[in-house]
Amino acid sequence: MSSPNTFESVAPCSGSYSFLKDLRLNSWLLVATAVYLAQRHLIGIHPEWSPAARGFASLAPLAPALLYVRSWVRFVRGMDELQRRVQIGAHLFAAWGTILAGIVFTTLNEQGVIAFLPHGPGFGGVMVCLLFLWSFGVAVGNCRYK
């Protein structure tokens with residue numbers, strides 16, 4: 001029987017960091033980021049594209065992002081019960097927090113209270129919000145169970 005996955009094995013400077021395990025886990029995130037940057041560049045230099053073509057290009061990072069989610073689910077399933085509970089709690093907190101932030105942001109934007117990013121945060125902004133809230137959730141979860 002193999003040993004369970006640990007968060008420390010993919011956290012740099014943790015003492016038990018494994019570059020190969022981190023690369024296997026996060027390789028789809030790197031692909032999604034590269035596809036996102038490429039589609040932003042292409043849409044910027046081709047404003048004449050039809051709305052359908054721009055929409056398809058904008059959704060291109062979704063496929064590698066879903067594969068990244070799959071790799072995280074597999075990784076979390078290999079954790080022990082306590083770490084699995086911390087990760088699932090952090091992911092739920094990040095998901096609901098991002099949904100609520102999007103609702104607040106959109107509502108304030110529609111009412112003219114703020115005029116920051118009039119078309120919403122987009123794919124990159126949502127991913128940054130998820131990352132920030134997930135990191136906060138992991139920190140709170142780790143403090144809770146120490």
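Below you will find a few notes about this structure. (Residues numbered from 1 in each chain as written. Predicted model: local features only at pLDDT ≥ 70, side-chain atom pairs only at ≥ 80, totals over all residues. Heavy atoms only, no water.)

This paragraph deals with the overall build of the chain. The number of helices and strands found in the chain is five helices and zero strands. Ordering the α and β elements of the chain from the N terminus gives α-α-α-α-α. In terms of overall dimensions, the chain has a C-alpha envelope of 55 × 35 × 25 Å along the principal axes. Here the chain holds 146 residues, and the buried ones make up 25% of them. Taking all contacts inside the chain whose residues are at least 6 apart in sequence as the whole, residues at least 24 apart take part in 64%. In the form shown here, the chain has an accessible surface area of approximately 10100 Å², with 71% of it arising from carbon and sulfur atoms. Of note, the chain has its 11 positive side-chain charges centred 5 Å away from the centre of its 6 negative side-chain charges. (Helix = DSSP H or I, 4+ residues; strand = E, 2+ residues; numbered from the N terminus. Buried < 20%, exposed > 50% of the residue type's maximum accessible area, 1.4 Å probe, protein only. Contact = heavy atoms within 4.5 Å. Areas by Shrake-Rupley, 256 points an atom, 1.4 Å probe, with all protein chains shown as cover. Lys, Arg positive; Asp, Glu negative; His and termini not counted. Charge placed at Lys NZ, Arg CZ, Asp CG, Glu CD.)

Okay, the packing of aromatic side chains next. A full pass over the atoms with the stated rule returns four aromatic pairs. When the ring of F7 is compared with that of W134, the centres are 5.8 Å apart and the planes differ by 70°; the resulting orientation is edge-to-face. Taken together, the residues span a long stretch of sequence, with F7 in the segment before α1 (19-45) and W134 in helix α5 (residues 122-144) at a distance of 127 residues. An angle of 40° between the planes, with centres 5.9 Å apart, marks the rings of F93 and F136 as tilted. Within this pair, whereas F93 is found in helix α4 (residues 81-110), its partner F136 is found in helix α5, the two being separated by 43 residues in sequence. The exposure class of F136 is partly exposed, given its relative accessible area of 45%. Taken together through their ring pairs, the aromatic side chains of F7, W72, F75 and W134 make up a single cluster. (Phe/Tyr/Trp six-rings, centres within 6.5 Å; stacked < 30°, edge-to-face > 60°.)

Ranked by internal contacts, the top residues of the largest apolar core, which has 14 residues, are F7, W72, F75 and W134. Mapped onto this core, the elements with two or more residues apiece are α3 (62-77), α4 and α5. Tallying contributions element by element places α3 first for this core, with four residues. The contacts of W72, once residues within four sequence positions are left out, are F7, L25, N26, Q87, H91 and W134. (Core = buried A, V, L, I, M, F, W, Y, C linked by side-chain atoms within 4.5 Å.)

Bringing α3 into the picture now. For α3, with 16 residues, the first-to-last C-alpha span of 22 Å sits near the 22 Å given by 1.5 Å per residue. Buried-residue contacts for α3 involve α1, α4 and α5. (Expected span 1.5 Å × (residues − 1).)

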